[in-house]
Amino acid sequence: MSAAQPAYDPMKATLTTVGDRALSIAESMGEFTLLIRTSFFWLLRSRVEWRQTVIQMLQIGVQSFPVTAMTSLFTGMVLALQTGSSFRDLFNEPVFTGTIVSFAVVKELGPVMTAMVVSGRAGAAIAAELGTMKVTEQIDALYTLGTDPVRYLVLPRVLAFLVMLPLLTVFSDFAGVIGGCVVSYVKLDVPTNVYWHEVFDHLGHKELFHGLIKTVVFAFCISFICCYKGLFTRGGAEGVGKATTSAVVNSMVSVLIIDYFVTAILVALGLT
Amino acid sequence: MIDAEGVRKSFGARTVLRGVELKVEDGETLVIIGGSGSGKSTFLKCIIGLVRPDGGSIVVDGVDVTKVHDEFHFAEYRRKFGYLFQEAALFDSLTVAENVVFGLRYLTDIPETRYRSIATDKLALVGLKGIEDMKPAELSGGMKKRVALARAIAAEPQYILYDEPTTGLDPIMSDIINDLIIDLKKKLGVTSVAVTHDMKSAYKIADRIAMIYEGKVLEIAHPDIIKITRNAAVRQFIEGRSEGPIRMKIKDYD
């Protein structure tokens, strides 16, 4: 005779599910924090893998340039079209188009759009590459060959992100403002000298600095999230797919959330 | 010498090692056999410090790896080892030569100018030449294994750990790898631990064979003794019979 099955307790089952989930989140946060700590450890205790860093700079930065510039160009164009048309309806002329486009692009849209595009392009590539290395034991092989994957793989990617994302953002800002200028001239009949006057009368180094500070924080978060997701991939090909998706989604959501809080801090500090 | 005592390891609720006791003498080749999921590879990873045991000790030349905590000391400890991975684990983005000499930068003080000739020498030692500039994706399974073997011996380790060295290879290539393992032992005088369930390979390369079953060493002896063992579980395994004391829990894998 078989033993009696214990009665199903919905409360216990719910608590178990919630508890398991909470433990899993706490474990992930611990692993993520340790990854950041280990990266700082290797940054301070060993020589940086410059060759790897330069390769990553090319892959993350140079190869992302066309897509980020294109995104910003059209964002600036549509922004100019929307604001110019609205202002023409309200005030009979498209005033301050240059000011609005440049402020929006340099302080907000340039950094955020660039971070989003680079998350999707380079971040996904990082997670997929490290994930594949993990499931094919290449990460373990690094340990057996005397180096640490954080030193050899993570640190160069983080440094490349920290250098290249701000640079890409500067180019994106420029592309966005240029896009606004073209549309203002072609569609709204705003002379280019008027547009550039509106841009430079109000836009200063503080605005550029505001955008770049955010970009550095985005670079830090995206690079660590994507490296973390890659390094902690579990399972085979399916695991790599999940890790890549998760890396992109988490990076993008983080960029939007962090954007608000960093902006709030900068506004509180008077960097507006 | 590798001296493992009471090595225990669990992954969540699943206990893999329940107190493994093993000694590997200098210069010998110990082959560990056992069914899939019996913990052989886990034990090998415990030796090199890729997996931290929950209990017990693994002492290699006076250093207990279970007491090593920081990466600097782990790197120092791992200097003594070469490790051949089951699927070779070559770095896709690097050429064959770069793969072979990869560890030299971190494990030795050899100047970079000598790397190319070292790569050529080590590849020749495993019977390969003229493939230095190829990428791992262009190689066959057997060639990948041999390149991985060349990489494992590049820094001239004292110990080589082989994880399923012949798995996935045809019988002739398996025998070539077996011969290479024997050759390396003769030429380099290394101490080796190989994990396999290929009995032909085990008999050929082993000085002693140890069988792990249910997380413990069931028997350890010379290959000729293992062949005539009276232990029913070991007999069942080496003869490859489905009937016997070892019951494969098919439902565990569902």
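So, here's what we can say about the structure. Please read these numbers as outputs of a predicted model, since none were measured by experiment.

Here is what the cut-offs are and how they apply
- Every chain is numbered on its own, with residues counted from 1 as its sequence reads.
- Each chain is given a letter, starting from A, and each ligand a number, starting from 1, according to the order in which they appear as written.
- A pLDDT threshold of at least 70 governs which residues receive local features in this predicted model, and a stricter bar of 80 or more applies before side-chain atom pairs are shown or counted, although totals over entire chains, interfaces and linings include all residues.
- Only DSSP runs of H or I covering at least 4 residues are called helices, and only runs of E covering at least 2 are called strands; the numbering of each starts at the N terminus.
- Every radius of gyration here is taken over C-alpha atoms, with the globule rule written as 2.2 Å times N^0.38, N being the number of residues.
- With C-beta atoms placed from the backbone, a contact is any residue pair whose C-beta atoms sit within 7 Å.
- With C-beta atoms placed from the backbone, a residue is labelled by how many other C-beta atoms lie within 10 Å of its own: buried for 20 or more, exposed for 12 or fewer, partly exposed between the two.
- Arc definition: directions from the helix axis to the C-beta atoms.
- Strand pairing is assigned whenever DSSP detects at least two bridges linking the two strands.
- In this analysis an axis means a line fitted to C-alpha atoms, helices contributing only their contacting stretch, and an angle means the value between N-to-C directions, from 0 to 180 degrees.
- Multiplying 1.5 Å by the residue count of a helix minus one yields the expected span of that helix.

**What to know about the overall build of chain B**
- A count of helices and strands for chain B gives eleven helices and ten strands.
- Here chain B has a C-alpha radius of gyration of 18 Å; the compact-globule value for 254 residues is 18 Å, and the two agree.
- Based on the C-alpha atoms only, the size of chain B along its principal axes is roughly 55 × 40 × 35 Å.
- Summarising the internal contacts of chain B: among those between residues at least 6 apart in sequence, 64% fall at separations of at least 24.

**Some points on the overall build of chain A**
- Broken down by element type, chain A carries nine helices and zero strands.
- Each helix and strand of chain A, placed in order from N terminus to C terminus, yields the pattern α-α-α-α-α-α-α-α-α.
- Against the 2.2 N^0.38 benchmark of 19 Å for 272 residues, chain A shows a C-alpha radius of gyration of 23 Å, more extended than a compact globule.
- Across its three principal axes, chain A shows a C-alpha extent of roughly 90 × 55 × 35 Å.
- For chain A, buried positions account for 43% of its 272 residues.
- Taking the contacts inside chain A whose residues are at least 6 apart along the sequence as the reference set, 88% of them involve residues at least 24 apart.

**Description of helix H7 (residues 192–202) of chain A**
Residue and element names in this part refer to chain A.
- Among all positions in H7, only Tyr195, Glu198 and Val199 are buried. Each buried residue of H7 sits inside an arc of 95° when the element is viewed along its axis, so together they form one side. Pointing more than 90 degrees away from the buried face of H7 are the exposed residues Asn193, Phe200 and Asp201.
- In this structure, the buried side of H7 is in contact with helix H4 (97–135) and helix H6 (149–186).

**Focus on the pairing of strand E8 (residues 191–195) of chain B**
Residues and elements named next belong to chain B.
- Most of E8 sits inside the fold, with five of its five residues counted as buried.
- Side chains Thr191, Val193 and Val195 of E8 all project onto a buried face; the interleaved residues Ser192 and Ala194 project onto the opposite face, where all are buried too.
- As paired elements, strand E3 (residues 29–33) and E8 share four bridges and run parallel to each other. From the neighbouring strand, Leu30 faces E8, where its bridge partner is Val193.
- As judged from the five bridges shared by strand E7 (residues 159–163) and E8, these two strands associate in the parallel manner.

**Quick look at unusual backbone geometry**
All names here are of chain B.
- The phi dihedral of Glu156 is positive, around 50°, even though this residue is not glycine.
- Here Glu156 is to be found in the loop between helix H6 (141–153) and E7.
- For Glu156, a count of 14 C-beta atoms within 10 Å translates into the label partly exposed.
- A positive phi angle is found at Glu164, which is not glycine, with a value near 50°.
- Position of Glu164 among the secondary structure elements: in the loop between E7 and helix H7 (171–188).

**Quick word on the sheet that holds E7 of chain B**
All names here are of chain B.
- Pairing is mixed across the open sheet formed by six strands, whose spatial order is E6-E7-E8-E3-E9-E10. Pairing within the sheet leaves two strands with one partner each, and these edge strands are strand E6 (81–84) and strand E10 (216–221). Each adjacent strand pair in this sheet contributes to an overall mean axis angle of 15°, direction not counted.
- In the sheet, strand E9 (residues 208–213) pairs with E10 via five bridges, with the strands oriented antiparallel. Counted as the bridge partner of Ala210 is Ile220 from E10.
- Sheet contacts for H6: E6 and E7; angle to E6, the most-contacted strand, approximately 170°.

**Some words on helix H1 (residues 10–45) of chain A**
- End to end, H1 of chain A covers 52 Å across 36 residues, agreeing with the expected 52 Å (1.5 Å per residue, within 8%).
- Taking burial as the measure, the 36 residues of H1 of chain A include one buried ones, a minor fraction of the element.

**With respect to the sheet that holds strand E5 (residues 63–64) of chain B**
Residue and element names in this part refer to chain B.
- On the basis of which strands lie adjacent, the open sheet formed by four strands has the order E2-E1-E4-E5 and antiparallel pairing. The open sheet has two edge strands with one neighbour each: strand E2 (14–24) and E5.
- Pairing of strand E1 (residues 2–11) with strand E4 (residues 55–60) involves five bridges; the strand directions are antiparallel. In the strand pairing of E4, Asp3 is matched with Val59.

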